[in-house]
Every structure is written in C-alpha cells, then in structure tokens.
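Chain residues, written in single-letter form:
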Amino acid sequence: MQLDKTRIAIRERELLEIYDLALIVMRVYWWKIVQALAITAVPLTLINAGLLWVMEPDLVVNETAGLFIYYMIALIFLEAPLAGLPITLLLGDALFHEKPNWRRMCTGLWPVIPRIFWIIVVLRAILPGMALAFIGSFDEDFIAGTLLFFLCCYAAILRAVRPYIGEILILEKNPVFSRQKDAITVGRRSSALHQPNFGDLVIRAMASSISILLAASIVMNVFGLRGFVFGQWNWDDMFLFIWFPMALWLVVAFMTVVRFLCYLDLRIRREGWEVELVLRAEATRMKEVAG
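These numbers come from a predicted model, not from an experiment.

Peer 1: I'd like a description of helix H10 (residues 186-194), backed by residues and values.
Peer 2: Restricting attention to buried positions, one finds in H10 the residues Val186, Arg189, Ser190, Leu193 and His194. Across the axial projection of H10, the buried residues extend over an arc of 110 degrees, all falling on one side. Of the surrounding elements, those touching the buried residues of H10 are helix H6 (113-123), helix H8 (142-161), helix H9 (165-172), helix H11 (198-207) and helix H13 (237-271).

Printed below as a string of structure tokens:
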C-alpha cells in the first residue's frame, strides 16, 4: 500500500464533480458494491418484511398498500446509514489497494460493532423506527405512523449536521469513551470534523434530496418494465416486498458512494489530507531505507 498513490485522485472537487465521480466509482466497482450492499440490505429487507407481514392479506386495498409503502420507505430511510457501512468499508480499502480484500477490510472491525449498534442503530433511530413500524402495521395506527414521520425528521437532521459518523466509526475507529483526557473519541472527532463546516454540510444535505427523484425514477421504471414484460400493473406481493425495496436500496448504495466522496473532499479541504498522505508515505519509505 502506497499512501501517495491512491485509486481516486486526492484533490478538492465541486459537488457536481463528486456526483460524476460517484457514477464512475459505481461503474468500476459495481459488483463489489452489490456484494457489500447485500451483506446488510438482504437481512434488513427480510426484517422489514417480517415487521410488516401482518399487512400482507390486505395489500389489495389501496389504503393499506399506501401505508405499507410509507412504512417501507421510512424503514429503509432510517436503515440507510447501517446498510451503507459495508460499502464505506469497501471504498476505504479500494482507495489504497488495487484489489479490495474482505479479510483485510474486516481486520480490527469486531470491537467497532458495539459502537455501531449504539450510535447507528439506537441513537440514529433505526431500532425505535422498527418498533413504531411494527406497532403501526397491526391496526394501521395513525399515532405510530405520525411518530415514525417525526422520527425520520429527527434522523434527517442528524444526518445533515453529522453525516460522516459512519466513516468515523469504521474507517477511523475512534473509541466512544476513553479514560485518557487527550484521546480522540467519536464525539470529539465528530465535533472537530463537522462543526466548522456546518453551512457546507447543510447545503450538501439539501443537494442530497436528489435521492428522492432517483428513487422515484427507479421505482417507476421497475414498475413500468414489469408491467410491459409480464403484464402486471398492480401492487402485488412480489413488487412490494422485493422489487420496491431493491430499487430503494440501489439509491442507498449510490448515495453512500457520494457521501464517502464528500467525506474525502471535506478532509482534503479542511485538514490537508493529501499533504498528510504524502508525508506519511515519505516517512514510511525513509523507515524502509533506514531499516
């Protein structure tokens, strides 16, 4: 691994350049990204189906199908940060290696799992969201659906002002707590990275709303293609439980790549990361020569 010879050129980029680069990364690593997404998306899809399965007999009713779609969108929206973690891990390894290796990627990851559960699953509202969707699916409870909406708003605000918590957890691997006063914990690292760039993060969060249009476009294309090929123009179980979530997960994968590239760009702009990599690479070479 040569720190100054990365697979993605380390330089500042505008937002449109980042989206363009994300498409290139998706094209180059599409199979690896699909594999990484499947690690979390498949289990989460099965969990979501289990949570909402009680609604299945009544999906022929438009109101019930609409509520099912609402719950599924809310669940996948809340679960997106968790589902994108393997992709982030993949891209972090692919940045410095020509061929990403899962064994190398997962080295030292085990101690991070409890941190992921607490910060991503609990504090970022995935677990509470699942509970509300499960409760609301039984009797189409208006209160549960309303609370789920506000929970999604809470998660959206957190992602807007603290978007790179996943990268901090699995790439930088900072501890949540430490007895050492000078230790860089997750909270300290998050504050140092996010607070000075609040305005830029909010603007980029607003720009990420393009994911809504991407999701609508993919879903309608899947629905239309399925209708023309198989002649099925209704919301049946196959579409609602498989094709619909799959379309949403594809958008999650793309936006995860965009977020990773924005994370790199922020470190380059604010921390001079490209200079740090060059200096670390030179230090490594000097140690090898001296040794």
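Next comes the rest of the description.
Peer 1: Report on the packing of aromatic side chains, specifying residues and quantitative values.
Peer 2: With the rule as written, the count across this model stands at 10 aromatic pairs. Aromatic pair Trp53 and Phe241: ring centres 5.1 Å apart, planes at 50 degrees, arrangement tilted. Residue Trp53 is found in the loop between helix H2 (30-52) and helix H3 (62-83), and its partner Phe241 is found in helix H13; the two are separated by 188 residues along the sequence. Judged by its relative accessible area of 48%, Trp53 is partly exposed. Among the aromatic residues, those joined into a cluster by ring pairs are Trp53, Phe68 and Phe241. In this structure, Arg159 packs its charged tip against the face of Phe77, placed 4.1 Å from the ring centre.

Peer 1: Could you give an account of the layout of surface pockets, with specific residues and numbers?
Peer 2: By volume, the largest pocket amounts to about 1,200 Å³. Considering the residues around the largest pocket, the lining is formed by 41 residues, among which Phe77, Arg159, Ser208, Ser211 and Met255 are closest to the centre. Of all the elements in the fold, those that place two or more residues in the lining of the largest pocket are helix H1 (15-28), H3, H8, H9, H11, helix H12 (210-230) and H13. Broken down by element, the lining of the largest pocket gets its largest block of residues, 9 residues, from H13. Classifying every residue of the lining of the largest pocket gives 32 nonpolar, 5 polar and 4 charged.

Peer 1: Residue-level account of the environment of Pro100, with values.
Peer 2: With respect to the helices and strands, Pro100 occurs in the loop between helix H4 (85-94) and helix H5 (102-106). By relative accessible area, Pro100 is classed as buried at 12%.

Peer 1: Describe a nonpolar patch on the surface, listing the residues and the values that go with them.
Peer 2: Nonpolar side chains collect at one region of the surface, where Leu225, Phe228, Val229, Phe230 and Trp233 lie side by side and expose about 670 Å² of accessible area between them. Overall, Trp233 belongs to the partly exposed group, its relative accessible area being 48%.

Peer 1: Lay out unusual backbone geometry with the relevant residues and their values.
Peer 2: Of note, Ala125 is a non-glycine position whose phi angle comes to about 75 degrees, a positive value. Mapped onto the elements, Ala125 comes out in the loop between H6 and helix H7 (126-139). Positive phi, close to 55 degrees, is recorded for Lys173, a residue that is not glycine. Structurally, the position occupied by Lys173 is in the loop between H9 and H10. When its relative accessible area of 30% is taken as the criterion, Lys173 is described as partly exposed.

Here is what the cut-offs are and how they apply
Residues numbered from 1 in each chain as written. Predicted model: local features only at pLDDT ≥ 70, side-chain atom pairs only at ≥ 80, totals over all residues. Heavy atoms only, no water. Buried < 20%, exposed > 50% of the residue type's maximum accessible area, 1.4 Å probe, protein only. Helix = DSSP H or I, 4+ residues; strand = E, 2+ residues; numbered from the N terminus. Arc of directions from axis to C-beta. Contact = heavy atoms within 4.5 Å. Phe/Tyr/Trp six-rings, centres within 6.5 Å; stacked < 30°, edge-to-face > 60°. Lys NZ or Arg CZ within 6 Å of the ring centre and 35° of its normal. 1 Å grid on protein atoms, 1.4 Å probe; cavity = no way out; pocket = protein on both sides within 12 Å on 5 of 7 lines; lining within 4 Å. Points joined across faces, edges and corners; volume = space filled by probe spheres on them. Nonpolar A, V, L, I, M, F, W, Y, C, P; charged D, E, K, R; others polar. Patch = residues over 30% accessible without salt bridge, like charges linked within 9 Å, V, L, I, M, F, W, Y side chains within 5 Å. Areas by Shrake-Rupley, 256 points an atom, 1.4 Å probe, with all protein chains shown as cover. Salt bridge = Lys/Arg side-chain N within 4 Å of Asp/Glu carboxyl O.

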